Amino acid sequence: MKNKVQLIAYADRLSGGGLRELHQMLKGPLADLFGAVHILPFFHTIDGADAGFDPIDHTLVDRKLGDWSDVAALSADVDLMADVIVNHMSCDSPQFKDYLAHGAASPYSGLFLTLDAVFPGGATEADLAAVYRPRPGLPYTAVTLHSGERRILWTTFTAKQIDIDVQHAQGRRYLDSILSTLAANGVKLIRLDAIGYAIKKAGQSCFMMPETFEFIDEFATRARGLGLEVLVEVHSYYRSQIDIAKRVDWVYDFALPPLVLHAFFFKTASPLKAWITQRPRNALTVLDTHDGIGIIDIGADALDRSGRPGLVPPSDLDRLVETIHTNSQGQSREATGAAASNLDIYQVNCTFYDALGRDDRTYLLARAIQFFMPGIPQVYYVGLLAGRNDMSLLARSGVGRDINRHRYSPEEIERELKRPVVQQLMQLIRLRNQSAAFDGEFSVLPASDRCLSLLWQHGADEARLTLDFDDLSHTVEFTSTGVRTRLVFSGAENGA
């Protein structure tokens, strides 16, 4: 993976078209900005129950976006990352429809995980209560086969997303066919979506168990055999990310977004600096993604009865969430919790720009922190354009995460790219990509609790960030071949 900033985007929501239009953008107004692009699910179909994360056919490109030749053409110009949705598939898939029609006689009967496959002797109340839930309710759905037989299936996320038995031969063949298809069409990196829930075991949490780690090891080995690098996506207690990082190529630093917000809201760098000393180096750094802003990632361990502490106290978490709601003028509250369907209990739905009150200086300083952290930065397409909450889309869909999944028209993109905050962010991205300092040594320099001071050095090349969270005074500078470039971010708000 190149040590350059990456883009995360839906092919249609950024380009105003499909894969070809996204390709043209990357060769045009976004030329030389990104070392790789993570295209969010582009499989058939992208407009299901969960914005493509419930694929009907994971080996087929949605025709509204293009076809595999478009993927291959794009991969010739930029490294591509794609999702492998490990845990589930759509209830509208041909495999599941065949299972509904033929039951045990279906060639796909072993592909879908039933309740009795995990609890052959039946599940007790204690068994069900032990299962960790990312969303309210139980992870099961009763279905009636065409024969009239009733079966109870695992549905970790929604009733329209049927869990796969990843340990069954049919589940293994299904996932291997996805890996082979992606590798054959130029994809170089894969993100394992929802893999933390893939293994189920009676009497256990069914989330990030020792058996889950073993499956991650085994599946990553299969992917690497096809030349694919592996990124694991898990929102969980921060120690889990450290453990996962030892077993795969890349993990997300999901603790970074709430810790950056905490630093600005509480005017202290202490929790952030404490995290820097222990966080994995093989991390993709993010401030925003297609999901919400994670809270569980810096909180206490929800699965440990002894209550292992988080990176910040519970009272700080409560205040952090309330500050996001205040900064967004209550919009994030409308998209989070009981107000939103298919909600995640561990995330706040809001654009990062709105979470910071649409203050350009604070937003650009947050991006500078992200880019100076060890690892590979990823920038979400809404974040690239310093996007605001899309309340119209939220009202139409009722899905909380849609507040941060705006569909940009070509005219909007042209206009947004001209905004000063976006122009400065693009300049910061290019300086991060061009500086050889980020291939060198990283250090956290001594500073007071309210200050953060980060330094990268590689020979004569240097990159330095200093920031006082109390008054936002800062230094962001890059030195290369004796030439020093310093960026100064203004405090003007851009709330228009």
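Scroll up to find the structure this text is about.
A quick note: this is a predicted structure, and the numbers were derived from the prediction, not measured.

Student: Give a description of helix α2 (residues 19-27) that names residues and reports values.
Tutor: Taken as a whole, α2 has its buried residues at Leu 19, Leu 22, His 23, Met 25 and Leu 26. Summarising the axial view, the buried residues of α2 lie within an arc of 160°, below the 170-degree limit, and thus occupy one face. As for α2, its buried residues are in contact with β1 (6-9), α1 (11-15), β2 (36-39), β4 (57-61), α3 (68-75) and α18 (410-416).

Student: If you had to explain the packing of aromatic side chains to someone new, which residues and values would you point to?
Tutor: Enumeration over the complete set of coordinates arrives at 25 aromatic pairs. Aromatic side chains Phe 438 and Phe 478 sit 6.3 Å apart centroid to centroid with 50° between the ring planes, which places their arrangement in the tilted category. Pair noted here: Phe 438 is in the loop between α19 (420-434) and β17 (441-444) and Phe 478 is in strand β20 (residues 474-480), with a separation of 40 residues, a long-range link. Each ring, one from Phe 442 and one from Trp 456, has its centre 5.0 Å from the other, and the planes form 45°; the classification is tilted. Taken together, the residues span a long stretch of sequence, with Phe 442 in strand β17 and Trp 456 in strand β18 (residues 451-458) at a distance of 14 residues.

Student: I'd love a proper account of helix α10 (residues 256-266), names of residues and values included.
Tutor: Of all 11 residues making up α10, 11 are buried, and the element is well covered by its neighbours. Along α10, the residues classified as buried are Leu 256, Pro 257, Pro 258, Leu 259, Val 260, Leu 261, His 262, Ala 263, Phe 264, Phe 265 and Phe 266. Lys 267 sits one or two residues past α10 and shows a positive phi near 55°.

Student: Any details on the sheet that holds β2? Residues and values, ideally.
Tutor: Sheet architecture is closed into a barrel: eight strands sit in the order β1-β2-β5-β10-β11-β12-β13-β16, paired in parallel fashion. Along the sheet, successive strands turn relative to each other by an average axial angle of 30°, direction set aside. Sheet analysis places β1 next to strand β16 (residues 376-380), joined by three bridges and oriented parallel. Looking across to β16, one finds that Gln 6 is bridged to Gln 378. Here helix α7 (residues 169-184) sits on the sheet in contact with β5 (79-85) and β10 (189-193), set at roughly 170° to β5.

Rules used in this analysis
Residues numbered from 1 in each chain as written. Predicted model: local features only at pLDDT ≥ 70, side-chain atom pairs only at ≥ 80, totals over all residues. Heavy atoms only, no water. Buried < 20%, exposed > 50% of the residue type's maximum accessible area, 1.4 Å probe, protein only. Helix = DSSP H or I, 4+ residues; strand = E, 2+ residues; numbered from the N terminus. Arc of directions from axis to C-beta. Contact = heavy atoms within 4.5 Å. Phe/Tyr/Trp six-rings, centres within 6.5 Å; stacked < 30°, edge-to-face > 60°. Pairing = 2+ DSSP bridges. Axes fitted to C-alpha atoms, helices over the stretch in contact; angles between N-to-C directions.

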